[in-house]
Amino acid sequence: MRWPALARSTHKWLALIVAIQAVFWTLSGVYMTAVHIDIIHGDRLVKAVAPPPIAMAGLVEPAHLAHLAPGLKSATLDTQLGQPVYVVQAEGGPALFDARTGQKMSPLNAEQAAARAKALFAEDGAVVSTQYVTKAPLEIQTRPVPIWRVEFEGAWKPTFYISPFTGELVSRRHDLWRTFDFVWMLHIMDYDDRQDVNNLLIRVFTWLAVATAGTGGWLLLYSFRRKRRVRKAVA
Amino acid sequence: MTWSPMFLIRWLHKWFGLVLGLQFLLWSVSGAVMALLDHHKVAAEDAILPVAQLPAPAGIQPLARVVETAGGPVTRLQLKPLYDRWVYEATTASGVRLVDAASGALIPIDGSKARELAVARFSSQAPVVSVTHVAKPTLETRDMTLPAWRVQFADPDNTAVIVSAATGEVLGAKNDTWRLWDIAWMLHIMDYKERQSFNHPLIITLAFAAAWLALSGLILLFRSFRRSDVAWVLDPIEKMTEKRKTARVEAG
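Procedures and definitions
- Each chain has its residues counted from 1, running along the sequence as written.
- Just so you know, chain letters begin at A and ligand numbers begin at 1, following the order they were written in.
- Per-residue local features of the predicted model are confined to residues with pLDDT of at least 70, and side-chain atom pairs are confined, for both listing and counting, to 80 or more; whole-chain, interface and lining totals are unaffected and use all residues.
- For side-chain calculations, the full set of non-hydrogen atoms in the structure is used, while hydrogens and water are omitted.
- Numbering goes from the N terminus for both helices and strands, where a helix is a DSSP run of H or I of at least four residues and a strand is a run of E of at least two.
- The atom set for the radius of gyration is the C-alpha atoms, and the globule formula is 2.2 Å times the number of residues raised to the power 0.38.
- Between buried and exposed lies partly exposed: a residue is buried under 20% and exposed over 50% of the maximum accessible area for its type, with that area taken using a 1.4 Å probe on protein chains only.
- For this analysis, residues touch if any pair of their heavy atoms sits within 4.5 Å.
- Note on areas: Shrake-Rupley, 1.4 Å probe, and residue coverage restricted to the protein chains presented here.
- Think of a nonpolar core as a cluster: buried Ala, Val, Leu, Ile, Met, Phe, Trp, Tyr and Cys residues, connected wherever their side-chain atoms sit within 4.5 Å.
- Note on patches: the residues involved have over 30% relative accessible area and no salt bridge, like charges join within 9 Å, and the nonpolar side chains Val, Leu, Ile, Met, Phe, Trp and Tyr join within 5 Å.
- Within this document, salt bridges are pairs made up of a side-chain nitrogen of Lys or Arg and a carboxyl oxygen of Asp or Glu, the two lying within 4 Å of each other.
- In this tally, Lys and Arg are treated as positive and Asp and Glu as negative; His is ignored, and so are the chain termini.
- Here the site of a charge means NZ on Lys, CZ on Arg, CG on Asp, or CD on Glu.
- Between any two strands, at least two bridges found by DSSP are needed for them to pair.
- Only the stretch in contact is used when a helix axis is fitted, and all axes are lines through C-alpha atoms; the angle between N-to-C directions ranges over 0 to 180 degrees.
- As annotated, the domain borders come from an automatic or database domain assignment.
- Here the quantity called buried area is the accessible surface, traced with a 1.4 Å probe, that two parts lose on coming together, added over both.
- Here is the rule for angles: anything less than 35 degrees is roughly parallel, anything more than 145 is roughly antiparallel, 65 through 115 is roughly perpendicular, and the remaining ranges are oblique.
- Working rule for handedness: look at the near helix, and if it is turned counterclockwise from the far one by less than a right angle, call the crossing left-handed; if clockwise, right-handed.
- Gly counts as polar in this scheme, as do all residues outside two lists: the nonpolar Ala, Val, Leu, Ile, Met, Phe, Trp, Tyr, Cys and Pro, and the charged Asp, Glu, Lys and Arg.

**Q** Outline the overall build of chain B, supporting the account with residue identities and numerical values.
**A** Each helix and strand in chain B was counted, giving 7 helices and 7 strands. In chain B, the order of α-helices and β-strands from amino to carboxyl end is α-α-α-β-β-β-α-β-β-β-β-α-α-α. Relative to a compact globule of 252 residues, whose C-alpha radius of gyration would be 18 Å, chain B shows 31 Å and is clearly more extended. Dimensions of chain B, computed from the C-alpha atoms along their principal axes, are close to 105 × 50 × 35 Å. The buried share among the 252 residues of chain B stands at 43%. A separation threshold of at least 6 residues defines the contact pool for chain B, and within that pool the share at least 24 residues apart is 52%. Carbon and sulfur atoms make up 64% of the accessible area of chain B, which totals about 13,800 Å².

See below:
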């Protein structure tokens, strides 16, 4: 077999294996580059308000927290719905306390979770549904459960996840993020949990792609010809 | 010469290949490198130990004292262990202040403190090579809140532990695996300066072009295979059915 024929044949056979994945790689690449990552992260879904200074007078002193939550690991004095609260990490897990009375507020019910989500939501849409999720859906697979899932009316189905134990916004999702996650799965070829960038399939296919691109370049050497000049007959 | 659709696609595939070829190869190679490098290693997950638990001290300074030491209204206040003591991390309008929860004194994170905190969280026993102050984003610290201290260790991976100059928290660790990965990442996202953005016009344009290169290649495949390409499969099958047929005719 001559070199051009060999180049063509290798490129062709490699492409037969890689072609569909190459289309997936490039189309998912188009989506991931064209839609800005800040939009994907949903930055604009959360109200950007500077937290107000906390009036300390009359609040439960941190020294008292060890009694409220045995095995105290850390505590954060924060503002939720305009009220000072302590978010506490302790041996018994995370918990939320009213910073003025020391009363335990967690676990939060549906109304309390939805109220916190609504207060943080930057758009006008109303709450469509509030669900208590005990098994983490794929879109928050790395986050702890149980968790409140609060979905809003609005473009791309914005959804906030609120921890029932801390009252904090744990995650925000919308359809553009969900699409990104799907094309990311296609890009890294991890069809299980869309996280493992080192799976065997991607390792094999990336090198096949290297070979396809390489043989393509090789084939290019034979693909461009100067137009044959007509030699003048020597007189 | 007739410009049939297939001929046009072949012509376009060739020219797109000529223009994009090198970048396509770089995407493949950098992708292959990133797929090979274990992402746990890249993230230096094993380099950083979890925060050591410390029982809460008996005497914790009252809130009023913390606000006074922080020097302004506090919008968020965290109480937590930091290596060998409990601290308050007070967020004020002019930045984060670190206050000793037992004594009420301000804790400045200078080079030697940063070094102490980095050594405490680093999983290896390797000695410290250098401690440098980082005020402006570098490739290693581009995603971190600065200023910070960069504590370089002499382990085989050349790990650098980055410690916040404001909070004393370990912000992350960078090793040689990450540095290699980061070169592949740069080539992959074509942001050669900051290695951060994959949403710039150059890559968006080339991504569209590459999509056409791949798609035209896929279309061409349908015309690229002839019977002679798969004769090694088809010939034996046909021979077999032929044989059966004759056998049947002879039997009938």
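**Q** Break down the nonpolar core for me, with residues and values.
**A** Residues Met56(A), Leu77(A), Tyr86(A), Val88(A), Leu77(B) and Tyr88(B) are the most contacted members of the largest nonpolar core, which totals 27 residues. Mapped onto this core, the elements with two or more residues apiece are β1 (72-80), β2 (83-90) and β3 (93-98) of chain A together with α3 (63-70), β1 (74-82) and β2 (85-92) of chain B. Membership of the second largest hydrophobic core comes to 21 residues, among which are Ala44(B), Leu117(B), Ala118(B) and Val161(B).

**Q** Describe a positive patch on the surface, naming the residues involved and giving the relevant values.
**A** On the surface, Arg8(A), Arg225(A), Arg10(B) and Arg226(B) cluster together into a patch of positive charge. Mapping Arg8(A) onto the fold places it in helix α1 (residues 3-34).

**Q** I'd love a proper account of a nonpolar patch on the surface, names of residues and values included.
**A** A cluster of nonpolar side chains, contributed by Trp3(B), Leu8(B), Trp11(B), Trp15(B), Leu18(B) and Val19(B), occupies part of the molecular surface with about 620 Å² of accessible area. Here Leu18(B) lies in helix α1 (residues 5-36).

**Q** So what's going on with the sheet that holds strand β6 (residues 159-162) of chain A? Residues and values would help.
**A** All names here are of chain A. The strand order across the open sheet built from 4 strands is β4-β5-β6-β7, with neighbouring strands paired in antiparallel fashion. Since the sheet does not close on itself, it has two edges, and those belong to β4 (127-133) and β7 (169-173), each with one partner. Geometrically, the sheet is characterised by an average inter-axis angle of 20° between neighbouring strands, direction not taken into account. In this sheet, strand β5 (residues 147-152) lies alongside β4 in antiparallel orientation, the contact comprising 6 bridges. Within β5, the residue paired with Thr130 across the bridge is Val150.

**Q** Summarise the domain arrangement of chain B; cite the residues concerned and give the values.
**A** Residue and element names in this part refer to chain B. As assigned here, chain B comprises domain 1 (5-40 + 182-223) and domain 2 (45-174). Just the C-alpha atoms count here: the centres of domain 1 and domain 2 sit 42 Å apart. In this assembly, 7 residues from domain 1 lie in contact with 4 residues from domain 2. Interface of domain 1 and domain 2: buried area, both sides summed, is about 510 Å²; carbon and sulfur atoms make up 32% of it.

**Q** Kindly report on the pattern of salt bridges, identifying the contributing residues and their values.
**A** For the structure on display, the rule yields 20 salt bridges over all chains. Arg76(B) serves as the salt-bridge partner of Asp78(A), at 3.3 Å between the closest nitrogen and oxygen. A residue pair is termed interchain when its members come from two chains, as with Asp78(A) in strand β1 and Arg76(B) in strand β1. Note on Asp78(A): relative accessible area 14%, which makes it buried. The partly exposed category is assigned to Arg76(B), whose relative accessible area is 32%.

**Q** Hey, could you go over unusual backbone geometry for me, with residue numbers and the actual values?
**A** Residues Val145(A) and Pro146(A) are joined by a peptide bond in cis, for which omega reads 0°. With respect to the helices and strands, Pro146(A) occurs in the loop between β4 and β5. At Trp156(A), a position not held by glycine, the phi torsion is positive, near 65°. Mapped onto the secondary structure, Trp156(A) falls in the loop between β5 and β6. Phi at Met190(B) takes a positive value of approximately 60°, unusual for a residue other than glycine. Mapping Met190(B) onto the fold places it in the loop between α5 (176-189) and α6 (201-224). Under the relative-accessibility criterion, Met190(B) is labelled buried at 6%.

**Q** Got a sec to walk through the pairing of strand β7 (residues 170-174) of chain B? Specific residues and values, please.
**A** The side chains of a regular strand alternate between both faces of the sheet. Residues and elements named next belong to chain B. Across the 5 residues that make up β7, a large majority, 4, are buried. In this sheet, β7 lies alongside strand β6 (residues 160-164) in antiparallel orientation, the contact comprising 4 bridges. Its bridge partner being in β7, Val163 is matched across the sheet by Val170. The hairpin formed by β6 and β7 contains 5 residues between the paired strands, and Gly168 there has a positive phi angle of roughly 80°.

**Q** Describe the sheet that holds β1(B), listing the residues and the values that go with them.
**A** Spatially, β3(A)-β2(A)-β1(A)-β1(B)-β2(B)-β3(B) is the arrangement adopted by the 6 strands of the open sheet, whose pairing is antiparallel. This sheet does not close on itself; its edge strands, each paired only once, are β3 of chain A together with β3 (95-100) of chain B. Each strand axis lies, on average, 20° off the axis of its neighbour in the sheet, ignoring direction. Where β2(A) and β3(A) come together, 6 bridges link them in antiparallel fashion. Counted as the bridge partner of Val87(A) is Leu96(A) from β3(A).

**Q** So what's going on with the domain arrangement of chain A? Residues and values would help.
**A** Residues and elements named next belong to chain A. Domain assignment breaks chain A into domain 1 (18-42 + 174-223) and domain 2 (43-47 + 71-173). Taking the mean C-alpha position of each, domain 1 and domain 2 sit 34 Å from one another. Residue-level contacts link 13 residues of domain 1 with 15 residues of domain 2. Contact between domain 1 and domain 2 buries roughly 1,200 Å² in total, counting both sides, with carbon and sulfur atoms accounting for 50%.

**Q** Got a sec to walk through the packing of α1(A) against helix α6 (residues 200-220) of chain A? Specific residues and values, please.
**A** Residue and element names in this part refer to chain A. At a minimum axis separation of 8 Å, α1 and α6 run at an interaxial angle of 135°. In terms of orientation, α1 lies oblique with respect to α6. In this structure, α1 meets α6 at a crossing whose hand is left-handed. Residue composition of the contact of α1 with α6, by class: 16 nonpolar, 7 polar and 1 charged.

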